[in-house]
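Coordinates in review
One-letter residues, chain by chain:
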Amino acid sequence: MWETMPRIIKLFNLNDPGWGRGNNNGSEPPPKRPQGNGDGPPDLDEVWRDFNNRIGNLFGRKGGGGNNRPGNRGGMTPPSPRGTRIGLGVIALVAAGIWLASGFYIVQEGQVAVVTQFGKYKSTSQAGFQWRLPYPIQSHEIVNVSQLRTFEVGFRGGARNKVLPEALMLTTDENIVDMQFVVQYRLKADGAPDYLFKTRDPDESVRQASETAMREVVGKQSMDFVLYEGRTTVASQVQALMQQILDRYQTGVQISTVAIQNVQPPEQVQAAFDDAVKAGQDRERQINEGQAYANQVVPLASGQASRMTEQAEGYKAKVVGDAQGNTSRFTSILGEYEKSPQVMRQRMYLESMQDIFTRASKVMVDTKSNNNMLYLPLDKIMHLAAQDAGKSNIGSSGSPVSNAPVQQPPRGTAAPVPQPSGSSNSNTLPRDRMSR
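Here the structure is a predicted model, which means the values were calculated and not measured. (Residues numbered from 1 in each chain as written. Predicted model: local features only at pLDDT ≥ 70, side-chain atom pairs only at ≥ 80, totals over all residues. Heavy atoms only, no water.)

With that settled, consider the overall build of the chain. Across its full length, the chain holds 12 helices and 13 strands. Considering only contacts in the chain between residues 6 or more positions apart, those separated by 24 or more positions represent 62%. Accessible surface, the chain: about 30,200 Å² in total, of which carbon and sulfur atoms supply 55%. (Helix = DSSP H or I, 4+ residues; strand = E, 2+ residues; numbered from the N terminus. Contact = heavy atoms within 4.5 Å. Areas by Shrake-Rupley, 256 points an atom, 1.4 Å probe, with all protein chains shown as cover.)

Listed below in structure tokens is the structure:
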């Protein structure tokens, strides 16, 4: 068979100038063409005829020169069995080589090839130059596992282009919110077979799972929580719930991000909702002001209460101490009184009178000559003495000193007695007068 390969190559050489010119094998010169045709390209009929002749020579058929026209069967001999076998073997070999070569394929970086054998999953090929059994035994499908896929729920392209059947959702307090969010996902490293064979339309499954998860999470929360402080919490809960649903259906999808783009009430109730929000803000402001006032007043009142409590405790201790001290003093005096009652009685009287006169500003003194009472206005005397001391101080500093005469008291009253500086307010009377 290998000896006939040069012959086959020579017969089918495309550089042979005898193609279409009646030269079947390239060894004979081309026949003379009629005058007037020139050296133009060969006719298509002649090319086809030469191709048939070369095929016939390959299988051992001998033609009758260059005039092998259709219908002219004179001089043709049937191919030999050996030549037929050789030709069929060469054709089968070439066909088998082409068929085996069709099993080579290239997988780009970031992609995988899922190989199936008779329609059933066989293996997964990584990036590089790969080979599989040719069709129809095995086939492959390229899947991009590094691509970040994105789709939008509730809108398309922009916030103004809304899709209300997807966006409107019901909260637990029976309010409706307009929810618009974006989901990004990619395939798992080993999720290409599941992505292709476990679900009919995996991308649509991801979209439906996202709507289902979002409606479930929003339905368990209040409207204020979804609109304000709970966006991040809602997004994280939706992502976790979506991943659980997709893993349960074995889609081979990994959720990367769930981003909430816009949350607002429906446009039909937007004005009323704004009024409610303003009222809520006023309520919060008043609550904060009241709380601030309470934070200011309550500690002050607590401090005053503590101070009054401490004062009461101090007064209690003082009263109790005084009572105990008086009790001790009375007990000691009682013991002395029992020893000498007359002396103790006289002593107690004198101490009492001394205490009274020490705090009194007026003294009544009776006389022996008549029954008129002698009145000493000690308070006025002390007041005048204080005025005289003040005037003397002003005079020493350069101010004028008043020399107004001192008025005499009326008859029957005691004349004011000026006391020297540093004297006591008490009046010392003779013992016999005091004994009266």
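Resuming the write-up.
Another aspect to go through is the nonpolar core. Core analysis: the biggest nonpolar cluster contains 39 residues, and M179, F181 and I255 have the highest contact counts within it. Tallying contributions element by element places helix α8 (residues 231-248) first for this core, with seven residues. Structurally, this core is a two-domain feature, drawing no fewer than three residues from each of domain 1 (103-143) and domain 2 (145-266). Residue contacts for I255: discarding those within four places in its chain leaves V183, Q184, Y185, V206, Q239, M242, Q243 and L246. (Core = buried A, V, L, I, M, F, W, Y, C linked by side-chain atoms within 4.5 Å. Buried < 20%, exposed > 50% of the residue type's maximum accessible area, 1.4 Å probe, protein only. Domains from an automatic or database assignment.)

Turning to the environment of A259, a few remarks are in order. Following the sequence through the fold, A259 ends up in strand β11 (residues 253-264). A relative accessible area of 27% places A259 in the partly exposed class. Taking the C-alpha atoms as reference, A259 lies 9.8 Å from V234; in sequence the two are 25 residues apart. In this structure A259 touches F181 and V182, once residues within four positions along its chain are discounted.

Attention now goes to the UniProt feature "transmembrane region" (unreviewed entry) in the chain. Those places that UniProt annotates as "transmembrane region" (unreviewed entry) correspond, in this numbering, to residues 86-107. With 73% helix and 18% strand, residues 86-107 has end C-alpha atoms that lie 38 Å from one another. (UniProt positions renumbered as here; feature names shortened; annotations may be inferred.)

Quick look at a nonpolar patch on the surface now. A cluster of nonpolar side chains, namely W99, L100, F104, I106, F129, W131 and L133, defines an oily patch on the protein surface of about 710 Å² accessible area. The set of elements that each furnish at least two residues to the nonpolar patch consists of α3 (81-101), β1 (104-107) and β4 (128-131). Relative to the helices and strands, L100 is located in helix α3. (Patch = residues over 30% accessible without salt bridge, like charges linked within 9 Å, V, L, I, M, F, W, Y side chains within 5 Å. Salt bridge = Lys/Arg side-chain N within 4 Å of Asp/Glu carboxyl O.)

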